[in-house]
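# Residue-level structure breakdown
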Amino acid sequence: MKFRKRDYLLAPIYLYQAHQIKRTAISLPEPNGERIGTTTVQSAGQSLKLMIIGDSAGAGVGVAHQDDAALGRIIHHLSAHIADFSFGTIEWQLHATTGHTSLDILKNLQNINDTAIDYVIISVGVNDVVKKTSEAAWRQAITSMVQMIDAKFGARQVYFLSLPPMQLMPSLPYPLNHFLGYQAKRLDRLLYQSCEMLPKATYLADEFDKAALDSHQMFAKDGFHPSAITYDIWSRTIAQAIYQDLMRDQHRFSQSASSHQNTTSTRLNNAT
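None of these values were measured; they are calculated from a predicted model.

Cut-off values and rules
- Residues numbered from 1 in each chain as written.
- Predicted model: local features only at pLDDT ≥ 70, side-chain atom pairs only at ≥ 80, totals over all residues.
- Heavy atoms only, no water.
- Helix = DSSP H or I, 4+ residues; strand = E, 2+ residues; numbered from the N terminus.
- Salt bridge = Lys/Arg side-chain N within 4 Å of Asp/Glu carboxyl O.
- Buried < 20%, exposed > 50% of the residue type's maximum accessible area, 1.4 Å probe, protein only.
- Pairing = 2+ DSSP bridges.
- Axes fitted to C-alpha atoms, helices over the stretch in contact; angles between N-to-C directions.
- Contact = heavy atoms within 4.5 Å.

What follows concerns unusual backbone geometry. Omega for the bond connecting Tyr174 with Pro175 falls within 30 degrees of zero, at 10 degrees, which places this linkage in the cis form. Within the secondary structure, Pro175 is located in the loop between β5 (157-161) and α7 (176-196). For Lys132, which is not glycine, the phi dihedral falls at a positive 60 degrees.

Time to look at the pattern of salt bridges. Scanning all chains against the criterion turns up 10 salt bridges. Close ionic contact of Arg156 with Asp245 constitutes a salt bridge, the shortest N to O distance being 3.8 Å. Of this pair, Arg156 sits in the loop between α6 (135-153) and β5 while Asp245 sits in helix α9 (residues 228-271); the two residues are 89 residues apart in sequence, bridging distant segments of the chain. For Asp245, a relative accessible area of 8% puts it in the buried group. In this structure, Arg156 engages Asp249 in a salt bridge whose closest nitrogen and oxygen atoms are separated by 2.5 Å.

What follows concerns the sheet that holds strand β1 (residues 36-40). On the basis of which strands lie adjacent, the open sheet formed by six strands has the order β1-β3-β2-β4-β5-β6 and mixed pairing. Looking along the sheet, the strands with just one partner apiece sit at the ends: β1 and β6 (201-204). Adjacent strand axes in the sheet meet at a mean angle of 20 degrees when their direction is disregarded. Across five bridges, β1 lies against strand β3 (residues 87-96) in antiparallel orientation. Following the sheet pairing, Thr40 is matched in β3 by Thr89. Packed on one face of the sheet, α6 meets β2 (46-54), β4 (119-123), β5 and β6 and runs near 150 degrees to β5.

The analysis is restricted to geometry; functional conclusions fall outside its scope.
This is how it looks when you write it as structure tokens:
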């Protein structure tokens, strides 16, 4: 965490405001709903395997049921996309817990059974801002997550969505909101830079501003966690990214098959 000169001057106010928030904040539970299951997309085909890991946003805090959280909305939007491919089902699992930092997520990953997973989505960062994770520890955690996911699950790709605009959270008073917003932007830049250096990691840029949401639409009634609208925006972004990855793979396969066919045809022509 990096402090500016004015942050040292405002530190007593930040501490007071943080203490007040702890006393008065609305505590929302994690939503109801299954965390492991299979969704049928069409009658025949192989299975696309999906995993979500992370913090309270990954768990869906802010809505009442997983159907309206990231898990449910990703499955909903992805089902429409993958009908164009040879997938018959989506196998999904959710491993996310309120309060988890990047280090907690790493520990959680160690406890998940090894299994083949196609795509992993990670929600992380807000708790690292609140709990003052250092920039070095943050970079190392991101890299270690991707490496562990590759080793344990052989995932095709790991998706990180950008950190939310914490300065807009209605539950955070001024000037604390601007302090935390500044720290979130710093970790977000480091997240982007880390993903750029990791072939299997993809950073998905902030879609919230593009949706032109105001802060009360963007956040749940606690003024801190995502709203149902935000979860849906986030999920559309992720589903579209997975669809594009599948399209690239299909295009590469088609090119490879065409190249092989042309080579075989040339050899036959030369033989005659």
